[in-house]
Amino acid sequence: MAVISLQEVSLGFGGPLLLENINLQIERGESVGLLGRNGAGKSTLLKLLYGDLSPDGGNVSRQQNLKTAYLSQEVPQGLSGAVGQIIADGLDGANHDAEQHWQGQIQVEQIISRMQLDPSARFEVLSAGMKRRVLLARGLVRAPDLLLLDEPTNHLDIDAIDWLEDFLKRWGGTLFFVTHDRVFLQRLATRIVELDRGRLFDWNCNYVTFLQRKEALLSAEQEQSVNFDKKLAQEEQWIRKGTEARRTRNEGRVRALKRLREARRERREQAGKVRMQIQTEKRSGRLVIDAENVSYSFGKEPIVQEFSTTIQRGDKVGIIGPNGSGKTTLLRLLMGELPPQRGSVHLGTNLEVAYFDQLRAQLDENKSVLDNVGQGRDTITINGKQRNLVGYLEDFLFTRDRVKAPISALSGGERNRLLLARLLAQPANLLVLDEPTNDLDIETLEVLEELLMDYSGTLLLVSHDRAFLNNLVTNTLALDESGRVKEYIGGYDDWRQEQAELAKAAEEKASKSSGQTRAEVSANRKPSYKEQRAIEAQKRELAELPGRIEALEAEQHLLAAVMADASFYQREAPEISQTINRLKELEDELARAYQRWEELENS
């Protein structure tokens, strides 16, 4: 049963419509991820679902007495008070009887405990990440039927993101969310919808399958556009042949040409990709940073304790830790901006440092996009080649009209793109990036990721984006709240695996003696007749599984080939839907078959 439904909804604010005759149904219990480029209208769609905006056309239908909670990207200005009271304000209704009031207080206390918040803390002095946790708690405390989340992982640390994922998996309500966190999408989304050029595309699958199907769709769309343009060019040539052609042409063909011209005018092209390159004029020395027994405290609170590391040219170092643990302080110590209170930091030779500040303090609010990068110049030199500044900014998806806009008119994603444009215009062999992925859409994030993969210089990266860390870094520095910093080889998953292995080793050590006793008893006992029959059945099932998996994979490959054909998306909608649903069923069956195979082999 749909909790909310949109029929032929359109909405715009001048220029091309952000939403153009879109249809959407959100069913109870679904977890829907909304994707789209920065500026495509994702936040607008969320506000429309919440009721903050009304459509220009079409209908929005909501289930009767639907309770909806909405977490926006930005923290509301002027919000202040004790954390406990702000969360309690999220409860429905002003007049509660004694029992309702008591139950409400229990809900508030439970959510405060789960979110690990201090109810007496003042909201206005919290970090950006902690403020978002409080606002999320305020939304959850009312037990909403539909939860709308706009970039919920922004400014949350990794532990908080893990907690949020686990909570939302167990929650059981209906979820509709926008995120650039690919791991969050993979773990939570059971369905993907994508907003592209005013249209809404519904993909009834998880994120990994969506990527495969989207690639096939874009390839088919590109081929259709090429064929369309070719046909239009042929008809235009025919209509211009002159007197001889005009004597033989028919009016039906002329009308068809007019329809082709109209269709071409209305076609909204896929937005271009961000194009980035890093300037590296000269290499640094082999040794980039050498830190020895570095310590730093704020008053009596330790931030970094007795930390030593050596960073060499080409290393890509990730820095992770809870919010407030001192990641930015550690960056400043390693860069030499902040002298350690104890220990020493030595910087290598020929260093050219470019620093991405997560607070975007390097951007001048009183200047335009153009002036923030050009500093009064019309041209810019990139890797020895002079480029027009407007053309350079177009590589970062700023149109010629947009480059004259003041910074105050930019979205969070546009500000991050602008800061990257400014940063990458500087020659650098040491890139220091403090949360560069916040507010970036997934496509731009992946372009940045590819650029940094090929970067030959040294990278220091603070990030809570687990996929970004896994794909980029060679080693990881993990901070805890006591000021200890430990170094691990590899990215986030490697760090998490080592943590799990340490915990497992400690648990095994504690239960070793009792475990040995149980194992001896089990080894001496013979299986019963019933257990023997079950073992034989499992052996037969194990022998049959490879053939079943082979048949499923053969059907999967056949359907994938059908979908890859350019004409597939021209078929009738029921046939397309049936094929897509069957492919999803095959993926689920294969996953279950492989899981069962693994279980049987390990039993």
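All of these numbers come straight from a predicted model, not from anything done at the bench.

Trainee: So, the environment of G326: which residues are in play, and what are the values?
Mentor: Here G326 is to be found in the loop between β12 (316–320) and α10 (327–335). Along the chain, G326 and Y296 lie 30 residues apart, while their C-alpha atoms are 9.8 Å from each other. Residues within four places of G326 in sequence aside, it is in contact with I303 and L479.

Trainee: Tell me what's going on with the sheet that holds strand β4 (residues 57–62), and back it up with residues and numbers.
Mentor: Sheet architecture is open: three strands sit in the order β2-β1-β4, paired in antiparallel fashion. Bordering the open sheet on either side are β2 (19–27) and β4, each of which pairs with just one other strand. Strand-to-strand twist across the sheet, computed as the mean angle between neighbouring axes with direction ignored, equals 5°. Of the pairings in the sheet, the one linking strand β1 (residues 2–11) to β2 comprises six bridges and is antiparallel in character. For V9, the partnering residue across the bridge sits in β2 and is I22. Against the sheet, helix α1 (residues 42–50) touches β1, β2 and β4, its axis set at about 125° to β1.

Trainee: Could you give me a rundown of the pattern of salt bridges, with the residues and numbers involved?
Mentor: One pass over the structure, following the stated rule, counts 22 salt bridges. Between R191 and E30 there is a salt bridge, and its shortest N-O distance comes to 2.6 Å. Of this pair, R191 sits in strand β8 (residues 191–196) while E30 sits in the loop between β2 and β3 (31–35), and the two are 161 residues apart along the sequence. For the pair R191 and E30, one class covers both residues: buried. Between K584 and D588 there is a salt bridge; the shortest N-O distance is 2.8 Å. Of this pair, K584 and D588 both sit in helix α19 (residues 573–602), four residues apart, which is roughly one turn of the helix.

Trainee: Explain helix α5 (residues 158–171) to me, and be specific about the residues and the numbers.
Mentor: Its 14 residues give α5 an end-to-end C-alpha distance of 20 Å, which sits within 8% of 20 Å, the value for a rise of 1.5 Å per residue. Regarding α5, the residues found buried are I158, A160, I161, D162, L164, E165, F167 and L168. For α5, the N-terminal cap is D157; the gap from its side-chain oxygen to the backbone nitrogen of D159 is 3.3 Å. G172 sits one or two positions beyond α5 and adopts a positive phi of about 90°.

Trainee: Tell me about the pairing of β3, and please be specific about residues and values.
Mentor: Two faces belong to every sheet, and in a regular strand the side chains alternate between them. β3 sits mainly inside the fold: five of its five residues count as buried. Burial of the side chains of β3 extends over both faces: S31, G33 and L35 are buried on one face and V32 and L34 on the other. One ladder, built from four bridges, connects β3 with strand β7 (residues 174–178); its direction is parallel. Bridged to G33 within β7 is F177.

Definitions and cut-offs
Residues numbered from 1 in each chain as written. Predicted model: local features only at pLDDT ≥ 70, side-chain atom pairs only at ≥ 80, totals over all residues. Heavy atoms only, no water. Helix = DSSP H or I, 4+ residues; strand = E, 2+ residues; numbered from the N terminus. Contact = heavy atoms within 4.5 Å. Pairing = 2+ DSSP bridges. Axes fitted to C-alpha atoms, helices over the stretch in contact; angles between N-to-C directions. Salt bridge = Lys/Arg side-chain N within 4 Å of Asp/Glu carboxyl O. Buried < 20%, exposed > 50% of the residue type's maximum accessible area, 1.4 Å probe, protein only. Expected span 1.5 Å × (residues − 1). Polar contact = N/O pair within 3.5 Å; in protein donor to acceptor, adjacent residues only side chain to side chain.

This is a description of form; function is not addressed.
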